[in-house]
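Examining the three-dimensional arrangement
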Amino acid sequence: MNKIWLIVQREFLNRVQKKSFLIATILIPLIFPALMAILVYVAVEQKKNATKEVILYINESTYFKADTSKFIFKPFEGSLDDGKRAFDHGEYFGLLYIPTFELTDPKGITLYTKISPSPTDISDIERIFETHIKDLKMEALHIDQELLNKLKTSVEISNVKISAGGQEKSSDSKVLFGVGMAGGILMYMFIFIYGAQIMQGIIEEKMSKVVEVIVSSVRPFQLMMGKIIGLASVGLLQFLIWIVLISTLTTVVLGYFGLQSPTQEMMQMTDQGQLAAAEGSGALELIKTFSQINWTYILLSFLFYFIGGYLLYGALFAAVGSAVDSPAEAQQFMFPITIPLLISYFALFTFILQEPHGTISIWLSIIPLTSPIAMMGRIGFEVPDWQLALSMILLVAGFIFTTWFAGRIYRVGILMHGTKVNYKVLLKWFMQKG
Amino acid sequence: MDALLVKGVTKQYANHTALDQVDIRVPEGSIYGLLGPNGAGKTTLIRIINQIINADAGEITIFGEKLNPNHIGVIGYLPEERGLYKKLKVGEQLIYLARLKGLTHHDAATRIKAWLDRFEIKDWWNKKVEDLSKGMAQKVQFISTVMHEPKLIILDEPFSGFDPVNAKLITDEILTLKKKGSTIIFSTHRMETVEDLCDHIALINKAKKILEGTKKDVKAAYKTNTFSVSHRGAFALQNGTYELVTQVKLEDDFLHSLVRMKEAGSPNQLIQDLTRVTEVFSFAEKIPTMSEIFITLVKGESHE
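Just so you know, these numbers come straight off a predicted model, no measurement behind them. Along every chain, residues carry numbers that run from 1 in the direction the sequence is written. Chains carry letters and ligands carry numbers; both start at the beginning, A for chains and 1 for ligands, and go up in the order they are written. Where local features are concerned, this predicted model is filtered to residues with pLDDT of at least 70; where side-chain atom pairs are given and counted, the filter is 80 or more; whole-chain, interface and lining totals use all residues.

Examining the overall build of chain B
A tally of helices and strands in chain B yields nine helices and 14 strands. The principal-axis extent of the C-alpha atoms belonging to chain B is close to 75 × 45 × 35 Å. Counting all 304 residues of chain B, 36% fall into the buried class. Of the contacts made within chain B by residues no fewer than 6 positions apart, 70% connect residues no fewer than 24 positions apart. Under the scheme used here, helices are H or I runs from DSSP no shorter than 4 residues and strands are E runs no shorter than 2 residues, and both carry numbers assigned from the N terminus. To assign burial, the other C-beta atoms lying within 10 Å of each residue's own C-beta are counted, with C-beta atoms placed from the backbone; 20 or more indicates buried, 12 or fewer indicates exposed, and intermediate counts indicate partly exposed. We call two residues in contact when the distance between their C-beta atoms, placed using the backbone, is within 7 Å.

A closer look at the overall build of chain A
Broken down by element type, chain A carries 17 helices and six strands. Each of the 434 residues in chain A was classed as buried or not, and the buried ones make up 30%.

Some thoughts on the interface of chain A and chain B
Listed as interface residues are 18 residues of chain A and, on the opposing side, 21 residues of chain B. Of all the elements in the fold, those that place two or more residues in the side of chain A that touches chain B are α1 (2-16) and α7 (211-215) of chain A. Looking at the side of chain A that touches chain B, its residues break down into six nonpolar, six polar and six charged. Residues were grouped as follows: Ala, Val, Leu, Ile, Met, Phe, Trp, Tyr, Cys and Pro as nonpolar; Asp, Glu, Lys and Arg as charged; and all remaining residues, including Gly, as polar.

So, unusual backbone geometry
Residues and elements named next belong to chain B. Positive phi, close to 60°, is recorded for Gln-51, a residue that is not glycine. Exposure remark for Gln-51: the 19 C-beta atoms within 10 Å place this residue in the partly exposed category. Positive phi is not limited to glycine here, since Glu-157 has a value of about 45°. In this structure, Glu-157 sits in the loop between β7 (152-156) and α5 (164-179).

Focus: the sheet that holds strand β4 (residues 57-62) of chain B
Residues and elements named next belong to chain B. Here four strands make up an open sheet; going across it, the order is β2-β1-β4-β5 and the pairing antiparallel. Edge strands, defined here as strands with exactly one partner in the open sheet, are β2 (17-27) and β5 (65-66). For β4 and β5, the ladder comprises two bridges, and the chain directions are antiparallel. Paired with Thr-61 across the bridge in β5 is Lys-66. Those strands touched by helix α1 (residues 42-49) are β1 (2-12), β2 and β4, and its axis lies near 115° from that of β1. Two strands form a pair only when DSSP identifies at least two bridges running between them. Helix axes are fitted to C-alpha atoms over the stretch in contact, other axes to C-alpha atoms as well, and angles between N-to-C directions run from 0 to 180 degrees.

As for the nonpolar core
All names here are of chain A. Working definition: the nonpolar core is a set of buried Ala, Val, Leu, Ile, Met, Phe, Trp, Tyr and Cys residues, joined through C-beta atoms within 7 Å. Core analysis: the biggest nonpolar cluster contains 132 residues, and Ile-228, Ala-318 and Val-320 have the highest contact counts within it. The biggest single contributor to this core is helix α12 (residues 295-323), with 15 residues. In this view, Val-320 contacts Met-199, Ala-330, Phe-333, Met-334 and Ile-337; residues no more than four positions away in its chain are not counted.

Some words on the packing of helix α2 (residues 90-100) of chain B against helix α4 (residues 134-146) of chain B
Residue and element names in this part refer to chain B. Relative to each other, α2 and α4 sit at 25°, their axes nearing to 9 Å. In terms of axis orientation, α2 runs roughly parallel to α4. Here the hand of the crossing between α2 and α4 comes out right-handed. Residues Val-90, Leu-94 and Leu-97 of α2 lie in contact with α4, whose contacting residues are Val-140, Ile-143 and Ser-144. An angle below 35 degrees is read as roughly parallel, one above 145 as roughly antiparallel, one from 65 to 115 as roughly perpendicular, and any other as oblique. Here is the rule for handedness: rotate from the far helix to the near one, and if that takes an anticlockwise turn smaller than a right angle the crossing is left-handed, while a clockwise turn gives right-handed.

Focus on the packing of helix α13 (residues 327-352) of chain A against helix α15 (residues 371-378) of chain A
Residues and elements named next belong to chain A. For the pair α13 and α15, the least separation of the axes is 9 Å and the interaxial angle reads 25°. Judged by the inter-axis angle, α13 sits roughly parallel to α15. α15 is crossed by α13, and the crossing has right-handed handedness. Between α13, through Ser-344, Tyr-345, Ala-347, Leu-348 and Ile-352, and α15, the contact on the second element is made entirely by Ile-373, Ala-374, Gly-377 and Arg-378. Here the residues of the contact of α13 with α15 are counted per class, giving six nonpolar, two polar and one charged.

Rendered as structure tokens:
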């Protein structure tokens, strides 16, 4: 035990003392928001400055009114074949052919293009027709805009969750969606980055051949565990620094813009009893939800799943590292490890965040290989206690199993040099007696 | 007392036997050569003694005590596949390795400084291993093997990859350590080192020990009663007692012959018999070299 502790210490110091750790730890919380801001800025600028595409159109109907907000429409007089020729020689984005059609049955409208248009381009053009036809129909039915406005009623359902104790909480699924997404992506990144580091560290030890010197002093299993735990503590430290940095930064930035951090504002509002009066304003709703999210609960779950998921995958990464002689060779064995991670990553967007209480989401968040990422996606949406408990127990069982499994491969693998390794060889190592 | 006693150690892998009922006995204070061709099982045996892998059967005692985790601090091991952490500094690295062997930080630092002093490389403490030359790294590696003052030192092919200067340095250190009371086991192919250093040897071939004993006894056992004679004037000594193995002409009527006595007898008798047929200039018993014994035995085995 004492020796594992020495190895943990060594691994921890090795990583933490590196400049790359310092840079990543300090810069990532700064870079991510900055990168996002830049992207948003560029997107907005692009939209502002985009030159409108020119569309040539042949209109045989009576129901087309060129709307030039998105495109420039240039009429063409002549047959469709002539139009195609003109389109071919000119610098046009598309050729829009509008045959005669009935108001009730607008068919046969065709857009010819040289390159595939984006779905938004198509729907933009469709909307031009739809709006115009709607106006014409309203006119025919003697409905004016005013009357239509009178018919319109806006309904907004506010969602209040009642917990077992009868406490009421408002919730906003958009915020929970964001929290789930951030948690899931972060988990995916952490497992991958730190898992790969374990693997790399083990390959380095094997390549520099220091490993046999070490295992003459400690059991191979101790060396493996020391490495895994050492890197886990680096990951946790990094995560905690990020949390502190991000919350400090948010407070400072908001303070600079004359705002207060959501929680602070919330507390003041509650104090002053202004909350009720201010209700109804959207921004405040958001702030309210934000402050009502149980951050401690989410953070603690994240830490649990990070440690569990990391140990589970870390052991597998360690087994791969011990089996190969170079990082290039590791690729073939990475595949089966990456698959469940990728599945949970994609399921995060396709199932889990869309339908956090769907059958697939529930199972993905219980099966140990996918649960760290899947559960992070669901955690904001009030996961039933039994599911959380089952998932956690299975995760613990899962990492005990993978650690045992990896340990058996590791103890043989680290002493093998220049062996051609495939899955059969791995199985043989696994079965080998001490 | 024996520094190491190995009894009936067997190690079986899926498709081959690495060690088959191997017994060896290493007396305390000896320099013990573990010989054998590649793949004979030497490294497997050494790894079992170092508790890196477990034997399937058999018993090992070290200084009379059954092999246990406490022996890690008693043994100093230099593996054949050796290396150091490239990114770590020499001092840090040695302290880490010493602490894994069970030394306290303070003891480790004191001893390592003494060793660096001894090898006149004091100023390397803060150098990274990747900045050292290969020869320099070898010295550091050797220090890591002996810094915890092990009573039993096991060196697997210690001279492979070491330059002659370091090989000499290490040979000297081995002798010093022996004088201080350490027992040294090393495995090697290099027969000249065996001749120079070892007092005991064991030969392992194809997972089995085929020979063990003091160097003197082994050589005596493989004596062929052959004598090397330089003489003037050819002779033909072919009879019931003697066999003329070879006779080579040198310059000016000088010849060199190997004469074997068919049954062990007195060399005086041979000299007397020789002086009757030729003029003897030199006469010596031909003692087999370790290399000859090694080749005879290993070849003999593989011809079976």
